[in-house]
Amino acid sequence: MLVPLSIELPDPDPMTHKQVVGVDVGMRYFAVASSTSNQAFFKSGKATLRKAERYAKARKSLQQKGTRSAVRRLVALSGRERRFIADTNSSLASEILKTYPHAFIGVEELTGVHERTERRSRPNSSEKQRKANRRRARWSYAELLGFLAYKAPLHGSFVVKVDAHYTSQTCTRCGHCSKGNRPNSGLMFVCESCGYHLHSDLMGARNVGLRALLVRQDWASTGCLSCTPGRPQSADPQAGSAGRDVSDAEAKAARLSRYAELRWSPDTSLAL
């Protein structure tokens, strides 16, 4: 039996959050978080993905049989798989919030992430690559971030989405941004400019955290919560989609310009 429960909470205020946290999601590590006080959190996905692979193999076997009983078992199996993924995401969200209570938490805006990152299958793709593609397509990052957002107020926290562009390619020490900072897309981030090296997912989490800190500072100074700088307006109201494209490009350039000024150090402060 499910009983609805309404809880009245105070309106969020930037001054009530004691720390700023960035959360980076992925497949090798389902979540890596980092606070501005240098407290890091890693959640490996190895054990979970092994279990997910067992579901995938069982589902493939039942699909090949195609009998009525196999179809019934397939429906039941799909339900168990969805519940398994939801339970994993819910538990992970709770673990992050317990690790960082009363926090202003930044997460990446992942709308369209599958379209941006999906790698088309090719005849010569390795089995490892095909497996990675299947995992990426199955796992619901949006569900994880949704759990994080709705549970956050109960822990005195607040979740905000920030721009995801180049978070894994930008050095938080010198600001240099390049694909070459991720040799072979491996686990280590090595800056081509200053030589700074760090776990690549932790670097991503730090960049997300810095962008969240920027949002928090803007919120405190203006009283308005906005994840992006003001979007330039086209001078010609008849410009149509071309005008919007120019405006979008200018807005993105303005955001990236602000992000390029952000730096991470042990002295990173919440001072507004």
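Residues numbered from 1 in each chain as written. Predicted model: local features only at pLDDT ≥ 70, side-chain atom pairs only at ≥ 80, totals over all residues. Heavy atoms only, no water.

S.K.: I keep staring at the overall build of the protein chain and nothing clicks. Help me out?
M.R.: Assigned secondary structure in the protein chain consists of 7 helices and 7 strands. Reading the protein chain from its N terminus to its C terminus gives the helix and strand order β-β-β-α-α-β-α-α-α-β-β-β-α-α. In the protein chain, the share of contacts with a sequence separation of at least 24, taken over all contacts with a separation of at least 6, comes to 66%. Here the protein chain displays about 16,000 Å² of accessible surface, and carbon together with sulfur accounts for 52% of that area. (Helix = DSSP H or I, 4+ residues; strand = E, 2+ residues; numbered from the N terminus. Contact = heavy atoms within 4.5 Å. Areas by Shrake-Rupley, 256 points an atom, 1.4 Å probe, with all protein chains shown as cover.)

S.K.: Explanation requested: the sheet that holds strand β2 (residues 29-35) in the structure shown.
M.R.: One key point about sheets: their strands pair by backbone hydrogen bonds, in either a parallel or an antiparallel sense. Spatially, β3-β2-β1-β4-β5 is the arrangement adopted by the 5 strands of the open sheet, whose pairing is mixed. In this open sheet, the two edge strands, each paired with only one partner strand, are β3 (40-44) and β5 (158-162). Pairwise comparison of adjacent strand axes, ignoring direction, gives a mean angle of 20° for this sheet. Pairing geometry for β2 and β3, over 5 bridges, is antiparallel. In the strand pairing of β3, Y29 is matched with S44. (Pairing = 2+ DSSP bridges. Axes fitted to C-alpha atoms, helices over the stretch in contact; angles between N-to-C directions.)

S.K.: Just checking my understanding: could you explain unusual backbone geometry for this structure?
M.R.: Comment: phi is negative for the bulk of residues other than glycine, and the bulk of peptide bonds are trans. Positioned with a positive phi, H102 is a non-glycine residue whose angle comes to about 50°. With respect to the secondary-structure elements, H102 resides in the loop between α2 (68-99) and β4 (103-108). Owing to a relative accessible area of 35%, H102 belongs among the partly exposed residues under this scheme. (Buried < 20%, exposed > 50% of the residue type's maximum accessible area, 1.4 Å probe, protein only.)

S.K.: Explain helix α6 (residues 200-222) to me, please; I cannot follow it from the model alone.
M.R.: Note on helix geometry: an α-helix contains 3.6 residues per turn, so any two residues three or four positions apart are oriented the same way. Given a rise of 1.5 Å per residue, 23 residues ought to cover 33 Å, and the 33 Å separating the end C-alpha atoms of α6 matches this to within 8%. By the criterion of burial, α6 is predominantly enclosed, with 18 of the 23 residues buried. Backbone geometry just downstream of α6 places G223 in the positive-phi region, at approximately 80°. (Expected span 1.5 Å × (residues − 1).)

S.K.: What exactly am I supposed to notice about a positive patch on the surface here?
M.R.: On the surface, a cluster of positive charge is contributed by K65, R73, R80, R82 and R83. Looking at which element gives the most residues to the positive patch, the answer is α2, with 4 residues. In this fold, K65 is placed in helix α1 (residues 46-65). Looking at K65, the relative accessible area reads 54%, which means it is exposed. (Patch = residues over 30% accessible without salt bridge, like charges linked within 9 Å, V, L, I, M, F, W, Y side chains within 5 Å. Salt bridge = Lys/Arg side-chain N within 4 Å of Asp/Glu carboxyl O. Lys, Arg positive; Asp, Glu negative; His and termini not counted. Charge placed at Lys NZ, Arg CZ, Asp CG, Glu CD.)

S.K.: Please clarify how the state of the cysteines should be interpreted in this entry.
M.R.: Covalent bonding between the sulfur atoms of two cysteines defines a disulfide. The tally for this structure, following the rule as stated, stands at 0 disulfides. Of all cysteine sulfurs, the one in C191 lies closest to C177, which takes part in no disulfide; the gap is 9.9 Å. C177 gets classed as partly exposed once you look at its relative accessible area, which sits at 36%. Between C194, a cysteine without a disulfide, and C191, which holds the nearest cysteine sulfur, the sulfur-to-sulfur distance is 3.7 Å. (Disulfide = S-S within 2.5 Å.)

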